[in-house]
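Structural overview for review
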Amino acid sequence: MTTTFAIFDTAIGACGIAWGERGITNAWLPEADPAALRRKIARSLPDSREGALSEAILSMIDAIVALLAGEPMDLSAVPLDLDGVPEFYRRVYELARAIPPGQTLAYGEVASRLGDPTQARAVGQALGANPIPILIPCHRVLAANGRTGGFSAPGGVSTKLRLLEIEGARASAIPTLFADDRT
């Protein structure tokens, strides 16, 4: 199966998405510049190609652009292809996709909703491995007491705070004691 990708401008910089026959497979938040983003995509998906945009893909890109410009957009219905993703991660991602823009949950709350409140760190690990940020809005999951917790995208916690600000959500900029403090 051939994976196709596109790079597009948003309010926070050039973002990228990749897709196959069953849905979106990857997404990327901005790098230093579009050329750096293309290099990152080439490393992640060496057999992919930049391609023409179907109406469905163009519509989805328009929705991402609108969300990152501050418009309330629900991207939870965009089809994702999570083939090869562990089942627990899929469950975490499904729950994260249900968090509306402007709202947040704590890692522990996600774990509780999945049936095991002791799995907050596992939730954090799943979100840290998220292949489709924005469409799987891992930035909407915070550490305890509204602290940011970690964020593995370019720009780290600053990017997480910016995404939350765009969506009208609040998080504490107070750093956590440990980088993996996700309870």
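As a reminder, the structure under discussion sits directly above these lines.
Residues numbered from 1 in each chain as written. Predicted model: local features only at pLDDT ≥ 70, side-chain atom pairs only at ≥ 80, totals over all residues. Heavy atoms only, no water.

1. Examining the overall build of the chain
Scanning the chain from terminus to terminus reveals six helices and six strands. Across the chain, helices and strands are ordered from the amino to the carboxyl terminus as β-β-β-α-β-α-α-β-α-α-β-α. A compact globule built from 183 residues should have a C-alpha radius of gyration of about 16 Å, and the chain, at 16 Å, falls within 12% of that. Within the chain, buried positions represent 50% of all 183 residues. By element, 51% of the accessible surface of the chain is carried by carbon and sulfur atoms, the whole surface being about 9,100 Å². (Helix = DSSP H or I, 4+ residues; strand = E, 2+ residues; numbered from the N terminus. Rg over C-alpha atoms; globule rule 2.2 N^0.38 Å. Buried < 20%, exposed > 50% of the residue type's maximum accessible area, 1.4 Å probe, protein only. Areas by Shrake-Rupley, 256 points an atom, 1.4 Å probe, with all protein chains shown as cover.)

2. Topic: the pattern of salt bridges
A side chain of one charge can pair with a side chain of the opposite charge if their charged atoms are brought near each other. The full count for this structure, using the stated rule, is five salt bridges. Between Arg38 and Glu50 there is a salt bridge; the shortest N-O distance is 3.1 Å. Residue Arg38 is found in helix 1 (residues 34–44), and its partner Glu50 is found in strand 4 (residues 49–50); the two are separated by 12 residues along the sequence. A relative accessible area of 34% places Arg38 in the partly exposed class. Taking the relative accessible area as the measure of exposure, Glu50 reaches 41% and is therefore partly exposed. Three or more residues are tied together by salt bridges with common partners; here these are Arg22, Asp81 and Asp83. (Salt bridge = Lys/Arg side-chain N within 4 Å of Asp/Glu carboxyl O.)

3. Comments concerning the packing of helix 3 (residues 87–97) against helix 5 (residues 120–128)
It is at 9 Å that the axes of helix 3 and helix 5 come closest, and there the two elements cross at 85°. The orientation of helix 3 with respect to helix 5, classified from their angle, is roughly perpendicular. On helix 5, the residues that touch Phe88, Tyr89, Val92, Tyr93 and Ala96 of helix 3 are Ala122, Val123, Gln125, Ala126 and Leu127. Of the residues in the contact of helix 3 with helix 5, the class split is nine nonpolar, one polar and no charged. (Axes fitted to C-alpha atoms, helices over the stretch in contact; angles between N-to-C directions. Parallel < 35°, antiparallel > 145°, perpendicular 65-115°, else oblique. Contact = heavy atoms within 4.5 Å. Nonpolar A, V, L, I, M, F, W, Y, C, P; charged D, E, K, R; others polar.)

4. Focus on the environment of Glu55
Turning to its location among the elements, Glu55 is positioned in helix 2 (residues 55–68). Classification of Glu55 by relative accessible area gives exposed; the value is 67%. Measuring from C-alpha to C-alpha, the distance between Glu55 and Gly124 comes to 34 Å, with 69 residues separating the pair along the chain.

5. Some points on the environment of Ala6
With respect to the helices and strands, the residue Ala6 is situated in strand 1 (residues 4–10). As for Ala6 and Gly155, which are separated by 149 residues in sequence, their C-alpha atoms are 21 Å apart. Discounting residues that sit within four places of it in the chain, Ala6 has contacts with Cys15, Gly16, Ile17, Trp19, Leu53 and Ile61.

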